[in-house]
There are 2 protein chains.
Amino acid sequence: MNSAHAKKQDNSVSSPLEELHILMHEDMRAVNAMILDKMQSEVPLIPQLASYLIAAGGKRVRPLLTLSCTALFDGDMTRAHRLAACVEFIHTATLLHDDVVDDSTKRRGKDSANIVFGNEASVLVGDFLFSRAFQLMVEDGSLEVLRILSGASAIIAEGEVLQLSAQNNLETSMDDYLKVIEGKTASLFAAACEVGPVIAEQDSATTKAMRDYGMNIGMAFQIIDDVLDYNSAREKIGKTVGDDFREGKITLPVIIALENASAEEKEFWQRTLANKDQKPEDLKTAQKLISKHNAVEGSLKIAKDFGAKAIQNLENIPKGQLKDILKNLVNFIIEREY
Amino acid sequence: MNSAHAKKQDNSVSSPLEELHILMHEDMRAVNAMILDKMQSEVPLIPQLASYLIAAGGKRVRPLLTLSCTALFDGDMTRAHRLAACVEFIHTATLLHDDVVDDSTKRRGKDSANIVFGNEASVLVGDFLFSRAFQLMVEDGSLEVLRILSGASAIIAEGEVLQLSAQNNLETSMDDYLKVIEGKTASLFAAACEVGPVIAEQDSATTKAMRDYGMNIGMAFQIIDDVLDYNSAREKIGKTVGDDFREGKITLPVIIALENASAEEKEFWQRTLANKDQKPEDLKTAQKLISKHNAVEGSLKIAKDFGAKAIQNLENIPKGQLKDILKNLVNFIIEREY
């Protein structure tokens, strides 16, 4: 591992995500500069809208994974900067389109881009960022990277369409749910991690291990996201709660609560999620039912199973500080409260 | 040129577009099979929606250009089939997104996909087709083709965003308009034509000539489209008229009619296009003003200038039947009434 990346610069950090941000600080700066540069266009609305969303922050988990998984194998960080920007562009494009599809009003604590700039602009600027991501990959010049990221993009879209088809459908099975989140979330985590060893020309077993690591933390990440959407404590830190419920998304806590639901409870879910007939107090009832059936614990158990697999995936990866942080990141993703 | 492509199979054909379709019949069949195969997905809504739009027909001009421009230089037609399918996928994705952005209700004489399947599905299936196009390019394996088509995709999105910014803005200049149509339409025509000589490994002058040919016919094609949108005769053949007017798009006929508009006429355009305050009889008035200021003739003149350039672009291309048809196609695009 590159010594520049091995040196821990701060001992007061509290999470592995922050540790990664500090360790990869210089590289993240290069990625942010690349993002800012490549979202420019002669058409002013494009950088206006893109920077509105990108400046709003977000955890930058995906580009950070690309950087870390390249540094882990001492790969070419200049290539990693460009490809981490690609990954973030693809992610940003999907966020813009998601917010249109879900008719969202908030994103990262601000009015979402579709509210500020309109659905039309969100769709088209998403398309631009997506195309720009491919232009960046072409500049990089690796067909293998292009294969990985075009594959991930197709699978993301498939996952999103599957989610749309499952919406308001109480028959959605655990398998359907897992397929949706593998597509919409885990596939880009997997691709973000796989790009690292590909840049560093690692063997196929190593590349697969890192891809699987990304896939498994992506699954855990999305399950926790779906659990947190029913966690009222989150409102205190300014996050919205109940978005999935309002949109009729059938997520893991609901699937588990439904498994042992009484006839009356089934009627409740039928009315609120399938028939989209919701009253203001319904979210509270949903939270109570999820709690009654230990659906948070049940979801956490499944997230932990994915986490355990992710840690196994790291088994044959060379020892070092970065590996330790990636290991700790697994538990952090599962235990996070935001 | 390949003799299989040189043989004219029917003497009763009436347009160069039909001639191309007949000449490239076998190749178009392969392209259609490729399209059908590659739009498949485990998620049923994807082929349902995609086939709804693709089965509705359309002129298939763009994939036909890729096929013709490959056959013209005796290039590998198997590669051309795949890349023509890519071009059609990119085009289809932009149609799906356009109809969402424009809130369209009709496409190719049927209810548009956003009406039948919803805006959400149209956005996401568009994303899928777009990603699938890139996967197909990766299968082809040419970074040069990837560069051309990712570049075209970014420029299409830029053109669409520029159009959105110019909408309802009477200050839109002729230059703004030309930039919009170059982006949203001509850039994909240019790319569709450029791919041919790239497959056939032609020199850069030839490749540029074919790219420019595509760009120039694309400009002419869109100008004529915009003229036809004010041509009431078209209603007789089941086409809609007045879409651009209703959406407040500032197209060439309007720009020309505005140049010499009286104060009263300017008020009319201001009310109908800028303030979006339209009455049912306003389209007729718009058509009268366009006629009064010879704006159809003025638009045709500009389309013909692009057409003349397109014919010049073919100057150094090897003689043959395909070249003759591509030459005749230029006038057909300008003289078409549908």
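Residues numbered from 1 in each chain as written. Chains lettered and ligands numbered in written order. Predicted model: local features only at pLDDT ≥ 70, side-chain atom pairs only at ≥ 80, totals over all residues. Heavy atoms only, no water.

(A) How the structure looks around the interface of chain A and chain B. In this assembly, 35 residues from chain A lie in contact with 35 residues from chain B. Across the interface of chain A and chain B, roughly 3,300 Å² is buried in total on both sides, 78% from carbon and sulfur atoms. By the criterion of area lost to chain B, the three top residues of chain A are A:Leu124, A:Glu158 and A:Val161, representing 17% of everything that side buries. Across the chain A-chain B interface, the total number found is two salt bridges. Measuring nitrogen to oxygen at the nearest pair gives 3.8 Å for the salt bridge that ties A:Lys179 to B:Glu42. The interface formed by chain A and chain B contains six residue pairs in polar contact (both at pLDDT 80 or more). Of all the elements in the fold, those that place two or more residues in the side of chain A that touches chain B are α4 (45–55), α6 (77–101), α8 (119–140) and α9 (143–166) of chain A. In terms of residues, the side of chain A that touches chain B owes the most to one element, α9(A), which gives 14 residues. (Contact = heavy atoms within 4.5 Å. Buried area = accessible area lost by both parts, 1.4 Å probe. Salt bridge = Lys/Arg side-chain N within 4 Å of Asp/Glu carboxyl O. Polar contact = N/O pair within 3.5 Å; in protein donor to acceptor, adjacent residues only side chain to side chain. Helix = DSSP H or I, 4+ residues; strand = E, 2+ residues; numbered from the N terminus.)

(B) A look at helix α3 (residues 25–38) of chain B. All names here are of chain B. The end-to-end C-alpha distance of α3 is 20 Å, a good match for the 20 Å that 14 residues give at a rise of 1.5 Å each. Looking only at α3, the buried set comprises Asp27, Met28, Val31, Met34, Ile35 and Lys38. Down the axis of α3, the buried side of the element spans an arc of 115 degrees, and every buried residue falls inside it. Residues of α3 that are exposed and point over 90 degrees away from its buried face: Glu26 and Arg29. (Expected span 1.5 Å × (residues − 1). Buried < 20%, exposed > 50% of the residue type's maximum accessible area, 1.4 Å probe, protein only. Arc of directions from axis to C-beta.)

(C) Inspection of the environment of A:Ala209 at higher detail. Looking at the secondary structure, you find A:Ala209 in helix α11 (residues 204–228). Of the residues examined, A:Ala209 reaches a relative accessible area of 16% and is grouped as buried.

(D) Focus on the nonpolar core. In terms of nonpolar packing, the biggest core is built from 245 residues, with A:Tyr213, A:Trp269, B:Tyr213 and B:Trp269 touching the most fellow members. Not counting residues up to four positions away in its chain, the partners in contact with A:Trp269 are A:Leu170, A:Phe245, A:Val254, A:Ala257, A:Leu258, A:Ala274, A:Ala286, A:Leu289 and A:Ile290. (Core = buried A, V, L, I, M, F, W, Y, C linked by side-chain atoms within 4.5 Å.)

(E) Molecular detail of the relation of the copies chain A and chain B. When chain A is brought onto chain B, the operation consists of a screw motion whose angular component is 180 degrees and whose axial shift is 0.0 Å, with 0.0 Å RMSD remaining. This pairing of chains is accounted for by a two-fold axis. Of the residues that chain A buries at the interface, 100% are likewise interface residues in chain B, meaning the two copies contact each other through the same surface. (Least-squares fit on C-alpha atoms with pLDDT ≥ 70 in both.)

(F) How the structure looks around the pattern of salt bridges. Taken as a whole and assessed by the stated rule, the structure comprises 34 salt bridges over all chains. One salt bridge connects A:Asp225 with A:Arg336, and the closest N-O pair in it is separated by 3.0 Å. Here A:Asp225 is found in helix α11, whereas its partner A:Arg336 is found in the segment after α17 (321–335), with 111 residues between them in sequence. Of the charged contacts, one joins B:Glu139 and B:Arg82 as a salt bridge, the two residues approaching to 2.2 Å between their closest N and O atoms. Of the two residues, B:Glu139 is situated in helix α8 (residues 119–140) and B:Arg82 in helix α6 (residues 77–101); the sequence distance between them amounts to 57 residues. Judged by its relative accessible area of 45%, B:Glu139 falls in the partly exposed class. Three or more residues are tied together by salt bridges with common partners; here these are A:Lys38, A:Arg82 and A:Glu139.

(G) Inspection of the packing of helix α2 (residues 16–23) of chain A against α17(A) at higher detail. Residue and element names in this part refer to chain A. Where α2 meets α17, the closest approach of the two axes is 8 Å, and the angle between their N-to-C directions is 145 degrees. As for how α2 packs across α17, the hand of that crossing is left-handed. Of the residues in α17, those in contact with Pro16, Leu17, Glu19, Leu20 and Leu23 of α2 are Gln321, Leu322, Ile325, Leu326, Asn328, Leu329 and Phe332. By residue class, the composition of the contact of α2 with α17 is nine nonpolar, two polar and one charged. (Axes fitted to C-alpha atoms, helices over the stretch in contact; angles between N-to-C directions. Left-handed = near helix turned anticlockwise from the far one by under 90°. Nonpolar A, V, L, I, M, F, W, Y, C, P; charged D, E, K, R; others polar.)

(H) Here's a closer look at the packing of aromatic side chains. Across all of its chains, the model carries 16 aromatic pairs over all chains by this definition. Taking the centre distance of 5.4 Å and the plane angle of 80 degrees together, the rings of A:Phe130 and A:Phe134 count as edge-to-face. Placement of the pair is A:Phe130 and A:Phe134 together in helix α8, with a separation of four residues, close to one helical turn. The exposure class assigned to A:Phe130 is buried, which follows from its relative accessible area of 8%. Given the relative accessible area of 0%, A:Phe134 is considered buried. An angle of 75 degrees between the planes, with centres 6.4 Å apart, marks the rings of B:Tyr230 and B:Phe245 as edge-to-face. Taken as a pair, B:Tyr230 in the loop between α11 (204–228) and α12 (243–247) and B:Phe245 in helix α12 lie far apart in primary sequence, 15 residues in all. Grouping residues by exposure puts B:Tyr230 and B:Phe245 together as buried. (Phe/Tyr/Trp six-rings, centres within 6.5 Å; stacked < 30°, edge-to-face > 60°.)

(I) Main features of the side chain of B:Gln222. Residue and element names in this part refer to chain B. With respect to the helices and strands, the residue Gln222 is situated in helix α11. By relative accessible area, which is 7% here, Gln222 ends up buried. Within the structure, Gln222 has its side chain in polar contact with the side chain of Thr185 (distance 2.6 Å). Look past the residues within four positions of Gln222 in its chain and what remains in contact with it is Tyr177, Ile181, Lys184 and Thr185.

(J) Local environment of the side chain of B:Thr172. Residues and elements named next belong to chain B. Relative to the helices and strands, Thr172 is located in the loop between α9 (143–166) and α10 (174–199). Here the side chain of Thr172 touches Asn169 through a polar contact of 2.6 Å, landing on its backbone oxygen. With near-sequence residues (within four places) excluded, Thr172 lies in contact with Ala166, Tyr177, Ile250 and Ile255.

(K) Broad picture of the packing of helix α5 (residues 61–71) of chain A against helix α10 (residues 174–199) of chain A. Residue and element names in this part refer to chain A. Close contact between α5 and α10 brings their axes to 7 Å; oriented N to C, the two are set at 25 degrees. When the axes of α5 and α10 are compared, the pair comes out roughly parallel. In this structure, the crossing between α5 and α10 has a hand that is right-handed. For the pair α5 and α10, the contacting residues are Val61, Arg62, Leu65, Thr66, Cys69 and Thr70 in the first and Leu188, Phe189, Ala192, Cys193, Val195, Gly196, Pro197 and Ile199 in the second. Partitioning the contact of α5 with α10 into residue classes produces ten nonpolar, three polar and one charged. (Parallel < 35°, antiparallel > 145°, perpendicular 65-115°, else oblique.)

(L) Representation of unusual backbone geometry within the structure. Residue and element names in this part refer to chain A. For Asp103, which is not glycine, the phi dihedral falls at a positive 55 degrees. Phi is positive for Asn294, which is not a glycine, with a value near 50 degrees. Mapped onto the elements, Asn294 comes out in the loop between α15 (282–292) and α16 (295–313).

(M) Fine view of the confidence of the model for chain A. Residue and element names in this part refer to chain A. Here chain A shows a mean pLDDT of 92. Residues at 70 or above account for 95%. Ranking the elements of chain A by mean pLDDT puts helix α1 (residues 3–6) last with 43 and α10 first with 98. Under a pLDDT of 50 for its full length, residues 1–10 has, in the predicted model, 23 contacts with residues more than four places off or in other chains. On the interface metric, ipTM, the complex scores 0.93, and its pTM is 0.93. (pLDDT = per-residue confidence, 0-100.)

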